[in-house]
Each structure stands twice: as C-alpha cells, then as structure tokens.
Amino acid sequence: MTAPATVVWELAPRYPRSGPYRLPAPGAPRVLDTAESLALLDEFARLGVVTVEVSGGEPTGRADFPDLAAHASAIGLGFAFHTDGTGVTPALARQLAGDHRRTARVALAAPTEAADDAVRGPGAYRASVRAMELLASAGVYEFEVAVPLTRHSAERLDALLAVAGIFGAGLRLTGDRPPEAAPDAAQRRAVAAWAAEHRERVRFGVHPTGDLAEECGAGRDICLVDAVGDVFACPVARGVRPHGNVRDGFAAVARELAPAVCPAAPAVARPA
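Here the structure is a predicted model, which means the values were calculated and not measured.

Q: Help me understand helix 2 (residues 65-74) in this model?
A: For an α-helix the count is 3.6 residues per turn, leaving residues at separations of three or four pointing the same way. Within the sequence span of helix 2, burial applies to Phe 65, Leu 68, Ala 69, Ala 72 and Ser 73. Taken end-on, helix 2 shows its buried residues confined to a sector of 135°, consistent with a single buried face. Backbone geometry just after helix 2 places Gly 76 at a positive phi near 90°.

Laid out in structure tokens, this is it:
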C-alpha cells in the first residue's frame, strides 16, 4: 500500500447549509470536474486506498455524484458519503440500496427539530429525517446518523441514538465542530463510558472528543483531499498548508504525507 487506507474527500466546496451548491467565484481554484474525479478514484484504487469518505459541502448536489458513487463501487472502493439530506431523492436512495460498499451518513446536530434547526438552519432537521426515511424504505444496506460531538450533543446521546434507531441506523460521533464547542474533560469521560455500553451501534469519526491523546493516523492511515484537489494529512486540521495537489498526481503527494504525527491539536477545526 502506497497511500492511506482512507481518504476523506470534500467532493463539493463547503458552504452554509441553506445556500445552493455552487462553484467558487471566478479566480478561485477550480473544483475537480467529472473526468478528474473519475481518474482520481482510479488512482485511489491503484494505490491501495480502501475507503473514500465523501463530504463537502453537499456532495449529492453534484450532478455527477451518482456516477462517481457507481464508479467507486465498480472498482472495489468502499464509498461513504456525508449528506445534509437535501440531495437524497427516492431515485438516489434506490441506487444506493443493496451495495454493501456504500454507506450514507446523514447529518444531525440535535435530537429535536427546534434544537437541530437552531444549529444547522431552518428546515435542516426535516431534510435529514426525510433522507433517513428514503434510505430506510429503499433498503440501503447500512447508514449512519453523523453528529458532531459538542458540549450540547454530549448531554443528549441517548435521545440521538433513539432517533437513529427509529430508522435502523447507527450513530457516528464526529469531531467536525468549532474548537470552543468541544466537550469538556468530564463529558469526554462520560462519553467514553456511554459508548462502551452501546458499542454495537455507536462509532467514532476522526478526533471526536477533542482529547489531545487521540491519534487519527494523519497521513499514515487517513488524509483529506478538498474540493479543489489540495491534500492534507489530517481531515480536521485547519489553517495548515496542503502537502500538494492531486492534479500533480496523488501518488507523489501521498509519499510526502507526515507518517504519524497529526499537524493540529485534535480539538482545532479548520474554519469553513
């Protein structure tokens, strides 16, 4: 293997949930187009990447998203994608159903509509719930409810797990949040104990608690490719220089990734 086993790929540029999917302004770096994206998936497979975790922005907002998901499966890549639910249609849910290599991760911040919309914007909760309904009814092999682990959500884990359970989904706790929202030491201990009790249904993303002892395997086991092709060793490290760009060849960039040391304190998130 000459590349990390997992690549987190921001397939679409980051943008506020309520805004439309759109390309960067003129003069900004160009988002990888369909041909470049398909070629990059092929390169991932050649280099031994096992799973591509697609995020954004909203990746399902790209017209070529179904083609990219299908191509990833065809060449043997695991394909997990994060969605706010707005782009999940009955047709997309049916396409995803029955393929164990694909995992949908539906965003949620809180277990109730009022609390979730207060964090993610009006209509966010209903969009996520609708996506979960479509995925469950279509028979998607596996999907998860992805929740940033914050001081607020750490106090509502039972309720969040209950929401996921309604749709037969697992719960994934992630570190995708502002550093000031990270759980405190007491909450981290409580989360660890709670997760141990629910290990069959609870999973963790990269740096979920903000504990400085966490090791994400930056550059060795996992890396980030953003929407314009820049490559970073740690998926949640923000404000650091990229190691290179996939347009110069992902293989060459992968050789330059830091082998073991995360370049950022785990609690620090890149600004959107």
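Q: Where do I start with the packing of helix 4 (residues 113-120) against helix 5 (residues 124-138) in this structure?
A: Between two packed helices, what matters for the description is the angle formed by their axes and the separation of those axes. It is at 7 Å that the axes of helix 4 and helix 5 come closest, and there the two elements cross at 110°. Judged on the interaxial angle alone, helix 5 and helix 4 are roughly perpendicular. Contact residues: Glu 113, Asp 116, Asp 117 and Arg 120 in helix 4; Ala 124, Tyr 125, Arg 126 and Ser 128 in helix 5. When its residues are assigned to classes, the contact of helix 4 with helix 5 shows two nonpolar, one polar and five charged.

Q: Is there a simple way to explain the confidence of the model for the chain in this structure?
A: Any residue range with low pLDDT should be treated as having predicted coordinates unsuitable for detailed reading. Confidence along the chain averages 84 in pLDDT terms, with 83% of residues attaining 70 or more. Here residues 16-26 is a poorly scored stretch, pLDDT under 50, and it has 20 contacts once near neighbours within four places are set aside; other chains count. In the model, residues 264-272 has pLDDT below 50 throughout and makes 27 contacts with residues more than four positions away in sequence or in other chains.

Q: What am I meant to see in the sheet that holds strand 8 (residues 222-225) here?
A: Backbone hydrogen bonds are what pair the strands of a sheet, in a parallel or an antiparallel way. Strand order in the open sheet formed by 10 strands is 7-6-5-4-3-2-1-8-9-10, and the pairing between neighbours is mixed. Each of the sheet's edge strands pairs with one partner strand only, and the pair in question is strand 7 (202-204) and strand 10 (244-245). As paired elements, strand 8 and strand 9 (residues 230-232) share two bridges and run antiparallel to each other. Bridge assignment links Val 225 to a residue of strand 9, and that residue is Val 231.

Definitions and limits used
Residues numbered from 1 in each chain as written. Predicted model: local features only at pLDDT ≥ 70, side-chain atom pairs only at ≥ 80, totals over all residues. Heavy atoms only, no water. Buried < 20%, exposed > 50% of the residue type's maximum accessible area, 1.4 Å probe, protein only. Helix = DSSP H or I, 4+ residues; strand = E, 2+ residues; numbered from the N terminus. Arc of directions from axis to C-beta. Axes fitted to C-alpha atoms, helices over the stretch in contact; angles between N-to-C directions. Parallel < 35°, antiparallel > 145°, perpendicular 65-115°, else oblique. Contact = heavy atoms within 4.5 Å. Nonpolar A, V, L, I, M, F, W, Y, C, P; charged D, E, K, R; others polar. pLDDT = per-residue confidence, 0-100. Pairing = 2+ DSSP bridges.

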